[in-house]
Structure formats: structure tokens, C-alpha cells
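One letter stands for each residue in the lines below.
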Amino acid sequence: MSIKEWTKEERYRELKDPSELKDLYERIQKSIYRQKYHIQPITGLLNDPNGFVYHDGCWHLFYQWCPWGAVHGLKHWYHTTSKDLVNWTNAGLCIKPDTEYDNKGAYSGSAFLGDDSICLFYTGNHRDPDWKRVPYTCVVKMFDDGRIEKLERPIFGPTDKMSDDQRDPKILYNEELKKYFIVIGARTHDKKGCCIIYESDNLLKGWKYAGQLKVPGFEDFGGMWECPSIERINGNDILIFCPQYLKLERRGNVTNHNGYIIGNMDWETLTFMPEGHFHVLDFGFDSYAAECAANLEGEERAVLVAWMGLPDSSYPTDEDEWSGCLTLPRELRVRNRRLIQTPLPQLAELREVEVDAEDILSGREKLAGPMEMLFETGDGDFELKLFTDEQGNGGLSLKYNDEERMFTVDRSGLSQRFNIEQGEVRMHEIDSPLRTLRIYLDTSSVEIFVNDGDAVFTSRVFPTDREISFKVTEGAGIKIWRLKSVSNTDFVVT
Ligand code: FRU
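What counts as what
Residues numbered from 1 in each chain as written. Predicted model: local features only at pLDDT ≥ 70, side-chain atom pairs only at ≥ 80, totals over all residues. Heavy atoms only, no water. Pairing = 2+ DSSP bridges. Helix = DSSP H or I, 4+ residues; strand = E, 2+ residues; numbered from the N terminus. Patch = residues over 30% accessible without salt bridge, like charges linked within 9 Å, V, L, I, M, F, W, Y side chains within 5 Å. Areas by Shrake-Rupley, 256 points an atom, 1.4 Å probe, with all protein chains shown as cover. Salt bridge = Lys/Arg side-chain N within 4 Å of Asp/Glu carboxyl O. Lys, Arg positive; Asp, Glu negative; His and termini not counted. Charge placed at Lys NZ, Arg CZ, Asp CG, Glu CD. Axes fitted to C-alpha atoms, helices over the stretch in contact; angles between N-to-C directions. Phe/Tyr/Trp six-rings, centres within 6.5 Å; stacked < 30°, edge-to-face > 60°. Buried < 20%, exposed > 50% of the residue type's maximum accessible area, 1.4 Å probe, protein only. Lys NZ or Arg CZ within 6 Å of the ring centre and 35° of its normal. Core = buried A, V, L, I, M, F, W, Y, C linked by side-chain atoms within 4.5 Å. Contact = heavy atoms within 4.5 Å. Polar contact = N/O pair within 3.5 Å; in protein donor to acceptor, adjacent residues only side chain to side chain. Near = heavy atom within 4 Å.

Undergrad: Looking at this structure, how should I read the pairing of strand β33 (residues 477-483)?
TA: Sheet analysis places strand β23 (residues 351-355) next to β33, joined by four bridges and oriented antiparallel. Bridged to V355 within β33 is I480. Direction of pairing for strand β24 (residues 371-376) relative to β33: antiparallel, over a ladder of six bridges. Across the sheet, residue M371 finds its bridge partner in β33, namely R482.

Undergrad: Whenever I open this one, a negative patch on the surface confuses me. Can you help?
TA: Together, D381, E403, E404 and E429 line one region of the surface with negative charge. On the secondary structure map, D381 appears in the loop between β24 and β25 (382-388).

Undergrad: Help me understand the sheet that holds β24 in this model?
TA: Strands pair in a sheet through their backbones, by hydrogen bonds, and they do so in one of two ways: parallel or antiparallel. The sheet built from six strands is open, its strands ordered β23-β33-β24-β29-β30-β31 with antiparallel pairing. Bordering the open sheet on either side are β23 and β31 (455-460), each of which pairs with just one other strand. When the angles between neighbouring strand axes are averaged without regard to direction, this sheet yields 15°. As paired strands, strand β30 (residues 445-450) and β31 are joined by six bridges and run antiparallel to one another.

Undergrad: Quick question: what am I supposed to make of the sheet that holds strand β32 (residues 469-472) here?
TA: Pairing within the open sheet is antiparallel, and its five strands lie in the order β28-β27-β26-β25-β32. If you trace the sheet from one side to the other, it starts and ends with β28 (425-429) and β32, each paired once. Strand-to-strand twist across the sheet, computed as the mean angle between neighbouring axes with direction ignored, equals 10°. When β25 meets β32, the two strands line up antiparallel, connected through four bridges. From the neighbouring strand, L386 faces β32, where its bridge partner is F470.

Undergrad: Just checking my understanding: could you explain the packing of aromatic side chains for this structure?
TA: Each aromatic ring pair is summarised here by two numbers: the centre-to-centre distance and the angle between the ring planes. Evaluation of the coordinates by the stated rule reveals 29 aromatic pairs. Ring geometry for Y173 and Y180: centres 4.7 Å apart, planes at 50°, overall tilted. Overall, the relative accessible area of 16% leaves Y180 in the buried class. Cluster of aromatic residues (ring-pair linked, three or more members): F218, F221, W225, F241 and F278. The ring of W481 has R351 lying over it, and the distance from NZ or CZ to the ring centre is 3.9 Å. The ring of F285 carries R411 above its face, with NZ or CZ at 4.0 Å from the centroid.

Undergrad: Looking at this model, I keep getting lost on the nonpolar core. Mind explaining?
TA: Considering soluble globular proteins, one finds that nonpolar side chains tend to be buried as a cluster. Grouped together as the largest cluster of nonpolar side chains are 54 residues, with contacts concentrated most on L239, L386, L398, F407, L437, I439 and F470. Element by element, the count of residues in this core is highest for β25, at four residues. If we ignore the near neighbours within four places in the chain, the residues touching L437 are M373, L374, F375, T377, F382, L384, L398, F407, I448, F449 and V450. Judged by nonpolar contacts, the second largest core, of 40 residues, contains L45, W59, V303 and W322.

Undergrad: Just to check I follow, could you spell out the environment of P158 for this structure?
TA: By secondary structure assignment, the location of P158 is in the loop between β8 (148-150) and β9 (162-174). Residue P158 is classed as partly exposed on the basis of its relative accessible area of 35%. Once the C-alpha coordinates of P158 and V134 are considered, the two residues, 24 residues apart in sequence, prove to be 6.8 Å apart. Sequence-distant contacts of P158, defined by excluding residues within four places in its chain, comprise V134, P135, Y136, Q166 and Y198.

Undergrad: Sorry, what's going on with the side chain of N47 here?
TA: The topology assignment puts N47 in strand β1 (residues 44-55). A residue is classified by how much of its surface remains accessible, and N47, at 6% relative accessible area, is buried. A distance of 3.2 Å separates a polar atom in the side chain of N47 from a polar atom in the side chain of D48. A distance of 3.0 Å separates a polar atom in the side chain of N47 from a polar atom in the side chain of K75. Not counting the four nearest positions on each side in its chain, N47 is found in contact with Q64, H72, K75, W307 and L326.

Undergrad: What is the right way to read the site of the ligand from this model?
TA: Near the ligand the following residues occur: N47, D48, Q64, K75, Y107, S108, R167, D168, E226, Y288 and W307. D48 has a polar side-chain atom sitting 2.7 Å from an oxygen atom of the ligand. Q64 places a side-chain nitrogen or oxygen 2.6 Å from an oxygen atom of the ligand. Here the ligand, which alone exposes 320 Å², has 91% of that area covered by the protein. Listing elements by their share of the shell around the ligand, those giving two or more residues are β1, β5 (106-113) and β9.

Undergrad: Just checking my understanding: could you explain the pattern of salt bridges for this structure?
TA: Side chains that differ in sign of charge can pair as their charged atoms come close. Per the stated rule, a full pass over the model turns up 33 salt bridges. Notably, a salt bridge pairs E321 with R27, separated by 2.6 Å at the nearest N-O pair. With E321 in the loop between β19 (302-307) and β20 (322-323) and R27 in helix α2 (residues 22-28), the pair connects residues that are 294 residues apart, well separated along the chain. With its nearest N and O atoms 2.7 Å apart, the salt bridge here joins R232 to D237. On the accessibility criterion, R232 (40% relative accessible area) is partly exposed.

Okay, structure coming up:
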């Protein structure tokens, strides 16, 4: 099947009735690359995670959703829920772009627990008939009984101090000042990426523009900052954002990144004072638009989830009419002025059976997701190839050079190659010598946690039925588990 060319009308078609999606839903169930324990789109395309929040024993997580196929078109918020961050249930369509203010998409945003409901703050992507963009900040209330109510009017429109790229509201409350703030990603008129801040005494009204966030040393860092947030973890302020139109060393030809700066936030002067430089959040190929759960602030840890994909990219499942998934939710901590990401302890519940590595190496069993692998690497250089053929050829290469402490992931050896122009190698110098690798394989993804979360490499991979083995440096300790399939697959749209 060839990849469809989409007209604007097709991409922005309004979803009138869930039954319009039933055939598409049935077709994508047949895709061999559907995931087994990651959140993936019910149909069409998934991009950013949105509105991540914990309330009354339940986690709510939404994703940017274009129902029609593997294309960025009319974006909705699709809702999933979980009791444990491991088993996810499809809960249906939540925000529909059905007003003048969001006529061309309900774009990304965040959640906050209000008095009577979960309040979802998002960007209404309005476009006029000449396709001129006007971004509004809108709110939807979601009540415990499932009722959804969109505020009649946006809480504010765009500021003329910036270009029309203003989106992705992150709502937070400052105890000391007894004030709500909204951080928004923006691009100045002279094309520099930045954040702008709004403030109010009231969650749902009285919002006013407070100014541009000052980040000394980062006045000229990328051309647009998407999905910003300012998190507080164990006394540290962390500015997490996605600078675009930016080249970074060891990141191939990619110009969209997701990273963070640790520092101190002064809400009175709207200054984020960096302590150190910009760090990439995930060193793999496919990770963007990370979001932390809203109401764990101030704790020693946060929970983070990201889109396992990148803007301006295409994936082999485009042919199967779907695209994208989310990463595993991860625990986020600060250690030695760095963010450390670790898999959630409760993921161990997914282990179904332990697999003997010899059974895979001898061809009696196949290497294929859903699986978890743990390697004790020993001293010195180390090499692992995942998804080789039975003779150990090809595959996704993970290499560690001990002298330079360089960890390299190279996906050019896989038979299904994609986004080649972005470069097929990613590298990162790790902080301490390699000791362990914990790897989560799903049908079409790998998440590699180096040294207990010192560095993470997340990537989509699309192994074929000949890429079923692995090869590893002799002497490494290996444990492998086959995992349960628990992914969100029900057809729930309303
Ligand atoms: C990031 C992003 C956001 C926007 C959303 C639209 O991937 O471009 O800035 O709100 O996706 O789907």
C-alpha cells in the first residue's frame, strides 16, 4: 500500500459520529506493529501527551489525536485512564475542536484540579479563512461523572508582543504569592524561542499577560519553544521545553529537541536563573513534548511521559494508517544536577515469564516485544545488538566505549530504515562507567535505561520477522522476561 496524500479538507474533516471510524479502527488492529503495553492511538495519529493528572485514585492522561490517519490534521484530546500507570483504558474523546476559537484544533495543554472538576487548559488553534492563525487559551471542565463542559469563551487570546506561535499552556499555582501562573511556549517577532507568562488570582478568570520569561543566557536558543513547563522536584526548579529550529551536537540532523535546564525560578521577577546548561531529556531518536503529572509538585519525584515520536517525521506504520505512541511513564528525580529517569517499580507486574537468553541465542525462542531485558555489563567496552538475524547480523547497535564513556545507538543496521535524513546515530557521554542496561521492548519500540536512569535512549524500531535475535559481548549478565500485553485497544470514542 502506498502512503496517502492528504488534502487540507481531509486532514481537517470534522468528526461527526464515532461510527465513521469503525472501519479504520478494524483495519489498524491488523497492523503487526501495534504496541502491547504502551498508550497508542485508537485510530490515526497520536502526538503529545496532555493533561496528565492524578485524581481520586485515578490517573488521567490525554493525547493529541488526529482521528483520520497518520497525518497531523484536526487535533482532538483523547482520554485514557489508569489506576496504576501500567494498565490503561480507553476513556473516549474528551476535547472536540467544535467552536470558533478552536476551529482548527484543540492543541496541547495541561490539567489542574479545580473545586468541582478537573480543569483542562489547552490552545484553541483558530484559523481564519485566509489560514491566519489566532491561538486562544481555552478551558474544558471534566466532572467526576464524566460530564464535559467547555467554557464559553477563552480565558485569554494571543498577545501582540509575540508572533502567532503561542501555545501549550502549563498551569501551576504558587503558594507563596497565592497566584496561578500559565507558562506558554512562544516565538518572538524576530523568530526567537521563549516562554510567556500569564497570571491570575482565580483559576478560571481575571487572567492577564505578565511578561516574557527571562532566562539569562538563553535569549537566542532555537526559534520556538514548544510544550514548556516549570517543575519543582525536591527543591529544584526545572524548565522543561522543546526548542525548535536548533541543531545540537550528537543529535544528527534533527532540529526539534526536548530538554531541560535546572535552576531557580523567581515568580516575582519572572526570571528563571539557570544553573548549568541545556540537557537533552532523552538521547534516543523518538521522544518529544514530555509532560509531568500536574499535582505531584514539591515531592521528591515527578512522573513524566512523552510522545515517542518527533515532528516532521514519518514512520513505517503510516502505511497502516496509524502513527505514534507514548513512552512508558517514568519516575523523574534530580541527582547531581541532572534529571534521572527510571521505570516505575510497578512495571515489574508485567513480567509473565522469565526467558532463558540461550533459548533466544539458539533460535528456540524469538526476541520480540513485549519483553524486558536486564544486562550487567561488567568492566570495559560493551556491545549489544538487538533484532539481529539468527546469525547475529544487522540489528540495532548499542555500543559503549569505556575510554570516552560514549554510549552510541545506531539504527542503520535494521532492515526497515526510516527518517534516514535525520541521521541514524545518536551518542551521549555518560556520567559514570557503564554498569547496567535495562531495556523495555515493545512490538515497535525500545526504551533503554542506562545505569539506573543516568541516561535514557528511546526509539521506535520496526523489526521484520527475520530480526528475532540478539548478540552481546561475552560475559555479560543477562535476564529476560516476556511481558504481558495490556495495551489500550477498546473502541471507545464518545
Ligand atoms: C508539539 C505540538 C504543540 C502543539 C501540538 C499540536 O508536538 O506542535 O506545540 O500544541 O503539537 O498537535
